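The chain contents come next:
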Amino acid sequence: MAGDGTVQLIDEKGKRVDGRLKDELRPTEIKIGVVKNADGSAEIRMGKNIIIAAVYGPRELHPKHRALPDRALIQCFYRMSTFSVNDRKSPAPSRREKEISMLLSDALTSVVLTDKYPRTTIDIYIQVIQADGGTRCASLTAASVALADAGVPMRGIIAAVASGLANDIVVLDLFDLEDQKGSGDMPLGYCPTLNEISLLQLDGVFTLEQFDECLDLSIEGAKRLYDIQTNTLKQRYADIRAEVAVDEDDEVKEELKEQLNDEVKEELIEQLKEEPKKEEVKEEPKKEEVKEEPKKEEVKEEPKKEEPKKGDE
Ligand code: CDP
């Protein structure tokens, strides 16, 4: 919402109320995989904004008659927590939340390869935990990363930022005070790899030069955000690869353990088999020797007895 431009938002040295220069983004950090139940998720912290995006799907759509025969339906549900702003926000979905949900759905539909999943829905739940201006843009940035985390095929990733007028000076990434008291704001969603604008809104009065400058500044800012998005995604997959490698190591170790166990078992079995054999072998020759000896004596004695018989005759 644009203000009347009477509040001093930027000093003569070009420093803004929060200490940033006109072309500076707020410190931005993205985390991936923050909602374990979701197919993909991301948390963005952009200045004081804290927003979580959780993706579910592609999955069956209810009621079924809303399903599209040739593509998936992208549904965003943008909600502000009651405690996310200074004045308690009503928990009932407001017109503003419905409008933001709709425009985020449209922006993401332009990059997701929806024709791969006909008759399904991809649901993206966006929860604003803490709001400090530019939440629709931060939500779009987080939702794009969450979709990538869910493995949803996309033509590109959207980065979004709002620029606007602080005392008629074009500044990048408005925070709440600049959004409320500045004389204009222009949220932009941009995909650097496609060079495509997927969201553009404008509130306030801009000259053509201001509009062009705002657009250029936002595109530059979106490119920097895109780097943060892709670096975070790359780090995520490096971590997954490392986890998988550790798991594989564990598997190899387990296999070795099992092999060793088997070897030990076999050895024990062999030992058990060998022990009775040795006893039998030791006993057998003793018995045979004892048996054979008297036999030999008997055989020797028999011819001796026969010889004297022949001589007598
Ligand atoms: O957040 P975004 O700039 O995309 O949307 P906005 O409608 O221009 O809101 C600007 C800011 O106003 C939000 O980021 C919040 O900080 C604040 N706001 C609020 O305090 N209470 C609301 N019910 C809605 C917004």
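Parameters and conventions
- Residues numbered from 1 in each chain as written.
- Predicted model: local features only at pLDDT ≥ 70, side-chain atom pairs only at ≥ 80, totals over all residues.
- Helix = DSSP H or I, 4+ residues; strand = E, 2+ residues; numbered from the N terminus.
- Buried ≥ 20, exposed ≤ 12 C-beta atoms within 10 Å, placed from the backbone.
- Contact = placed C-beta atoms within 7 Å.
- Core = buried A, V, L, I, M, F, W, Y, C linked by C-beta atoms within 7 Å.
- Pairing = 2+ DSSP bridges.
- Axes fitted to C-alpha atoms, helices over the stretch in contact; angles between N-to-C directions.
- Expected span 1.5 Å × (residues − 1).
- Near = placed C-beta within 6 Å.
- Nonpolar A, V, L, I, M, F, W, Y, C, P; charged D, E, K, R; others polar.

**A look at the overall build of the chain**
Consideration 1: A count of helices and strands for the chain gives four helices and 10 strands.
Consideration 2: Ordered by position in the sequence, the α and β elements of the chain form the string β-β-β-β-α-β-α-β-β-α-β-β-β-α.
Consideration 3: A buried classification covers 34% of the 313 residues belonging to the chain.
Consideration 4: Contacts in the chain between residues at least 24 apart in sequence constitute 71% of all its contacts with a sequence separation of at least 6.

**Points about the nonpolar core**
Consideration 1: Among the nonpolar cores identified, the biggest contains 67 residues, and Ala-53, Leu-108, Ile-124, Ala-142, Ala-143, Ala-146 and Ala-160 are the most heavily contacted of them.
Consideration 2: Considering each element in turn, this core owes the most residues, nine residues, to helix α2 (residues 135–149).
Consideration 3: Not counting residues within four places of it along the chain, the set of residues in contact with Ala-142 comprises Ile-30, Ala-42, Glu-43, Ile-44, Ile-51 and Ala-53.

**Quick word on the sheet that holds strand β3 (residues 49–60)**
Remark on secondary structure: sheet strands pair via backbone hydrogen bonds, oriented parallel or antiparallel.
Consideration 1: Spatially, β1-β2-β3-β5-β4 is the arrangement adopted by the five strands of the open sheet, whose pairing is mixed. Each end of this open sheet is capped by a strand with a single partner; those strands are β1 (28–32) and β4 (73–80). This sheet shows a mean twist of 15 degrees between the axes of neighbouring strands, independent of strand direction.
Consideration 2: Direction of pairing for β1 relative to strand β2 (residues 40–46): antiparallel, over a ladder of five bridges. Across the sheet, the residue bridging to Ile-30 is Ile-44, located in β2.
Consideration 3: On the sheet, α2 packs against β1, β2, β3, β4 and β5 (120–130) and is oriented at approximately 150 degrees with respect to β2.

**Side note on unusual backbone geometry**
Consideration 1: Cis geometry is adopted by the peptide bond preceding Pro-58, which originates at Gly-57 and carries an omega value of 5 degrees.
Consideration 2: Mapped onto the fold, Pro-58 is located in strand β3.
Consideration 3: In this structure, the amide linkage connecting His-62 to the following residue, Pro-63, adopts the cis form with an omega of -5 degrees.
Consideration 4: Considering the arrangement of structural elements, one finds Pro-63 in the loop between β3 and β4.
Consideration 5: One non-glycine residue, Arg-119, adopts positive backbone phi at about 65 degrees.
Consideration 6: Within the fold, Arg-119 resides in the loop between α1 (95–109) and β5.
Consideration 7: Residue Arg-119 is classed as partly exposed on the basis of its C-beta count, with 16 C-beta atoms lying within 10 Å.
Consideration 8: Despite not being glycine, Asn-195 has its phi angle at roughly 50 degrees, a positive value.
Consideration 9: As for its position among the elements, Asn-195 is in the loop between β8 (184–191) and β9 (196–200).
Consideration 10: On the neighbour-count criterion, Asn-195 (9 C-beta atoms within 10 Å) is exposed.

**Describing α2**
Consideration 1: End to end, α2 covers 21 Å across 15 residues, agreeing with the expected 21 Å (1.5 Å per residue, within 8%).
Consideration 2: In terms of residue burial, α2 counts as a mostly covered element, since 15 of its 15 residues are buried.

**A few points about the site of the ligand**
Consideration 1: Val-85, Ala-131, Thr-135, Arg-136 and Asp-176 are the nearest of the 13 residues found near the ligand.
Consideration 2: Listing elements by their share of the shell around the ligand, those giving two or more residues are α2 and α3 (176–181).
Consideration 3: In the shell around the ligand, the residues fall into four nonpolar, three polar and six charged.

**Focus: the pairing of β8**
Consideration 1: Counting buried positions over the eight residues of β8 gives eight, a clear majority of the element.
Consideration 2: The pairing of strand β6 (residues 159–166) with β8 spans seven bridges and is classified as antiparallel. Paired with Ala-160 across the strands is Gly-189, a residue of β8.
Consideration 3: Two elements, β8 and strand β10 (residues 203–204), share two bridges in a ladder whose sense is antiparallel. Counterpart to Gly-184 in the pairing with β10 is Gly-204.
Consideration 4: Both β8 and β9 contribute to a ladder of four bridges, which runs antiparallel. Residue pairing in the sheet places Tyr-190 in a bridge with Ile-197 of β9.
Consideration 5: With antiparallel pairing between neighbouring strands as the criterion, β8 and β9 make up a hairpin whose turn holds four residues, including Asn-195 at a positive phi of roughly 50 degrees.

From the geometry alone we can't say anything about function, so treat these as descriptive.
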